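Chain by chain, the residues run as shown.
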Amino acid sequence: MKDCLFCNIARKEEKSTIEYEDGNFVAFHDIHPKAPLHLLIVPRKHIASIDHVEPEDTSLMGELILTAQKVARLRNLKGYKLLINVGREGGQIVDHLHLHLMANL
Ligand code: AMP
Ligand code: ZN
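Residues numbered from 1 in each chain as written. Chains lettered and ligands numbered in written order. Predicted model: local features only at pLDDT ≥ 70, side-chain atom pairs only at ≥ 80, totals over all residues. Heavy atoms only, no water.

Asker: So what about the packing of aromatic side chains? Which residues, and what values?
Answerer: Taken as a whole and assessed by the stated rule, the structure comprises 1 aromatic pair. An angle of 70 degrees between the planes, with centres 5.2 Å apart, marks the rings of Phe6 and Phe28 as edge-to-face. Of the two residues, Phe6 sits in helix H1 (residues 5-10) while Phe28 sits in strand E2 (residues 25-29), which places them 22 residues apart along the sequence. By relative accessible area, which is 2% here, Phe28 ends up buried. (Phe/Tyr/Trp six-rings, centres within 6.5 Å; stacked < 30°, edge-to-face > 60°. Helix = DSSP H or I, 4+ residues; strand = E, 2+ residues; numbered from the N terminus. Buried < 20%, exposed > 50% of the residue type's maximum accessible area, 1.4 Å probe, protein only.)

So, in structure tokens, the structure goes:
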């Protein structure tokens, strides 16, 4: 999507510090980290939120979790937190589905 911040980050049309990327996902550093390591993992596909996920996205959602696991293993993290905010009332500010990965280093 043209005017979406995280689509633009995934396309590298907007600056970010990318930690990991593959065909379906990009993981980059949150600009206002709330933990010593705070990454955002986004699908390249524009999905506005968990509330917009369709049955056709089932495997993509599983891969999102496996991507978090992969990024954590690459960092040798002993533990981490995963968070998805859904909707304004749920604390979501950017309307492109993203998984927060937070850890102490
Ligand atoms: P949420 O509240 O779940 O929508 O989270 C959005 C997150 O995106 C917040 O933690 C912001 O700090 C982060 N954020 C906003 N703009 C950028 C950006 N340009 N690059 C990296 N992270 C960003
Ligand atoms: Zn988007």
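Asker: Mind laying out the pairing of strand E5 (residues 99-103), listing which residues take part and the relevant values?
Answerer: Where burial is concerned, most of E5 is hidden: 5 out of the 5 residues are buried. Bridge analysis of strand E3 (residues 37-43) against E5 gives 5 bridges, and the strand direction is antiparallel. Among the inter-strand pairings, Ile41 is bridged to a residue of E5, identified as Leu99. Two strands pair when backbone bridges link them, and strand E4 (residues 81-83) and E5 are joined in this way by 3 bridges, in the antiparallel orientation. By the bridge assignment, Leu82 is partnered in E5 with Leu101. (Pairing = 2+ DSSP bridges.)

Asker: Requested: an account of the site of ligand 1, with residues and values cited.
Answerer: The immediate surroundings of ligand 1 are formed by 17 residues, with Asp30, Gly91, Ile93, His98 and His100 found nearest. Contacts to ligand 1 include His100, whose side-chain N or O atom sits 2.8 Å from an oxygen atom. Contact with the protein chains hides 86% of the accessible area of ligand 1, taken as 510 Å² for the molecule alone. Listed by contribution, the elements that provide at least two residues to the shell around ligand 1 are H1 and E2. At 3 residues, H1 tops the list of elements feeding residues into the shell around ligand 1. Residues that form the shell around ligand 1 fall into these classes: 8 nonpolar, 7 polar and 2 charged. (Near = heavy atom within 4 Å. Polar contact = N/O pair within 3.5 Å; in protein donor to acceptor, adjacent residues only side chain to side chain. Areas by Shrake-Rupley, 256 points an atom, 1.4 Å probe, with all protein chains shown as cover. Nonpolar A, V, L, I, M, F, W, Y, C, P; charged D, E, K, R; others polar.)

Asker: Before we move on, can you summarise the environment of Lys15 with the specific residues and values?
Answerer: Tracing the sequence through the fold places Lys15 in the loop between H1 and strand E1 (18-21). Exposure remark for Lys15: the relative accessible area of 81% places this residue in the exposed category. Note: C-alpha distance between Lys15 and Leu5 (10 residues apart in sequence) is 9.9 Å.

Asker: Which residues make up the coordination of the zinc ion (ligand 2), and what values do they have?
Answerer: For the zinc ion (ligand 2), the protein coordination sphere consists of Cys4 (SG), Cys7 (SG), His46 (ND1) and His96 (ND1), at 2.0 to 2.3 Å. For the zinc ion (ligand 2), the 4 donor atoms in the first shell make angles of 106 to 116 degrees at the metal, so the coordination geometry reads as tetrahedral. Mapping the donors of the zinc ion (ligand 2) onto the primary sequence gives the spacing C-x2-C-x38-H-x49-H. Overall, Cys4 belongs to the buried group, its relative accessible area being 6%. (Donors = N, O, S within 2.8 Å, 3.2 Å for Na, K, Ca; no water. Tetrahedral: all angles 85-135°; square planar, octahedral: opposite > 155°, others 65-115°.)

These values are about where atoms sit, not about what they do.
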